[in-house]
Each structure stands twice: as structure tokens, then as C-alpha cells.
Amino acid sequence: MEKFDKNLKDFLAKFLELPNGILDSDTFRRVFENIDPSKLSSCLINWVSAERKKRSMIAVDGKTICGIGNSQHKAYHVVSAFVAENQITLGEINVEEKTSEITAVPELLDLIDIGGAIITADAMSCQKRITEKIIQKKADYIIGLKQNQPMLYKDAEDYFNEFSYELPIICTDEKGHGQIKKREYYLLTYFVV
């Protein structure tokens, strides 16, 4: 053990002056107890945000962490923002219930730099407050639309039924999990003035 301590001390001496020797675990504990978690989180988010490409795709999604729920508490639900190109999570927020994902997404977007990015999200994030937050932060979005927004869904359905013959289309056949899925993708370009 003495040889290990001497090697560690010699290694650390290349980077730090340690006149009183190597710091012990109590010193590290006291340092970490005095760090403001929100400020540390902010520093980490700023550092990670600086590492991402500016026109990257950021996937915002909620997941329930299975296997940790018990009689004292429910399973944890986390909403995160993941950048696939860099394989990094820009940020994440714990939420009480799956239904509060709608309120957690804007909070998460407030924490991270999404400027210039394309945000992708499922239909649960198809909410005015979320899309307004994305636009306010100078990003674009691709968000699923289901019948959780009945009027918007009906408008989109009517539009595509009326004008789909004018739009560019790509058709795909995908085989997986014992199924063949046929999909049609229509491109509608919409510019906000």
C-alpha cells in the first residue's frame, strides 16, 4: 500500500502541489458537500452543450426506470434530451408521473442550449407551450401528432386528404418483429414569416 501511495503522490505532484500529502476521502466529502448542485449542473450542461454540433438532432423523451418502484415510492420517470451525433445527454429532469412530462419538457428546454438544433419528440410533447419554447430558443422541431390534439389532428388529416397528391412522397416497407410495415412519408414545407 505504501508503494501505491508513493506512486499516486508522485503522479499527482506533476499536476498539483500537495505540501500536506494526498487528500483523504473526508476532504473530498467536505468539498462535495459545499458544492451547490444547481451550479454544478449548470456548469456541466454548459460544457456538454458546447460539445454538440449546432445543427444536431436532439431527441427529447421520457422514460420510466423500471424495477425500482416499491410500496414506499413509485418508479422514477425521467425526461431527457439526447444528442445522437455526439452520443451525449444534454440534460435530464426527474418527474413525478408520466402525465407531468408535459410540464417537465419546457423546464428541461430552459436548462439546455438548443439554438440551431432540431428537436424531435413524441406526441406527448405536441403542446403549444413546448413548441413555443422551442421556437423562442431558436430551434426547429419534429413532433409526433396523434389524436391527443383532436382539432390539430383533424386539420392535418383534412389537409393531407385534400393536397397529398401535390406533396413529395417516399414509401417504405420495413420488416421486423415478425411484421411488415408499409409507411408513406409526405413532405410539407411550412415557413413562418
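Predicted model only: the values in this text are computed from it and were never measured.

Trainee: Would you explain the pattern of salt bridges in this entry?
Mentor: Close approach of charged atoms allows side chains of opposite charge to pair. Evaluation of the coordinates by the stated rule reveals 7 salt bridges. The partner of Lys63 in a salt bridge is Asp61, and the shortest N-O contact between them spans 3.0 Å. Asp61 sits in the partly exposed class, given a relative accessible area of 25%. Across the pair Lys182 and Asp173 runs a salt bridge, and its minimum N-O distance is 3.8 Å. Taken individually, Lys182 and Asp173 each receive the classification exposed, so the pair is uniform in this respect.

Trainee: What is the right way to read a nonpolar patch on the surface from this model?
Mentor: Side chains of Leu23, Phe28, Val31, Phe32, Ile35, Leu40, Leu44 and Trp47 sit close together on the surface and give an oily, nonpolar patch of about 800 Å² of accessible area. Residue assignment for the nonpolar patch shows that the elements contributing at least two residues are α2 (25-33) and α3 (37-51). Structurally, Phe32 can be placed in helix α2. Relative accessible area serves as the criterion here: at 56%, Phe32 is assigned to the exposed category.

Trainee: I keep staring at the environment of Gln149 and nothing clicks. Help me out?
Mentor: Structurally, Gln149 can be placed in the loop between β5 (140-143) and α6 (150-163). In contact with Gln149, not counting residues within four places along its chain, are Cys126 and Gln127. A polar atom in the side chain of Gln149 sits 2.8 Å from the backbone oxygen of Cys126.

Trainee: Got a minute to help me understand the pairing of strand β4 (residues 118-121) in this structure?
Mentor: Remark: a regular strand shows side chains that alternate across the two faces of the sheet. The alternating pattern of β4 places Ile118 and Thr120 on one face and Ile119 and Ala121 on the opposite face, and all of these are buried. Strand direction decides the pairing type here: strand β1 (residues 57-64) and β4, joined by 4 bridges, are parallel. Bridge assignment links Val60 to a residue of β4, and that residue is Ala121. Read as a crossover between parallel neighbours, the route from β4 over helix α5 (residues 128-136) to β5 is right-handed.

Trainee: Sorry if this is basic, but what is going on with the packing of aromatic side chains here?
Mentor: By the definition in use, this model includes 3 aromatic pairs. Pairing Tyr159 with Phe160 gives two aromatic rings, centres 5.9 Å apart and planes at 85°, and the pair type is edge-to-face. With relative accessibility at 32%, the residue Tyr159 sits in the partly exposed group. Measuring from ring centre to ring centre gives 6.0 Å for Phe160 and Tyr186, while their planes differ by 55°; the resulting arrangement is tilted. Pair noted here: Phe160 is in helix α6 and Tyr186 is in strand β7 (residues 179-186), with a separation of 26 residues, a long-range link. Residue classification places Phe160 among the partly exposed residues on the basis of a relative accessible area of 26%. Among the aromatic side chains, those forming a connected cluster through ring pairs are Tyr159, Phe160, Phe163 and Tyr186.

Analysis parameters
- Residues numbered from 1 in each chain as written.
- Predicted model: local features only at pLDDT ≥ 70, side-chain atom pairs only at ≥ 80, totals over all residues.
- Heavy atoms only, no water.
- Salt bridge = Lys/Arg side-chain N within 4 Å of Asp/Glu carboxyl O.
- Buried < 20%, exposed > 50% of the residue type's maximum accessible area, 1.4 Å probe, protein only.
- Patch = residues over 30% accessible without salt bridge, like charges linked within 9 Å, V, L, I, M, F, W, Y side chains within 5 Å.
- Areas by Shrake-Rupley, 256 points an atom, 1.4 Å probe, with all protein chains shown as cover.
- Helix = DSSP H or I, 4+ residues; strand = E, 2+ residues; numbered from the N terminus.
- Contact = heavy atoms within 4.5 Å.
- Polar contact = N/O pair within 3.5 Å; in protein donor to acceptor, adjacent residues only side chain to side chain.
- Pairing = 2+ DSSP bridges.
- Right-handed = clockwise from strand over helix to strand, strands pointing away.
- Phe/Tyr/Trp six-rings, centres within 6.5 Å; stacked < 30°, edge-to-face > 60°.

Read these as spatial facts, not as claims about activity.
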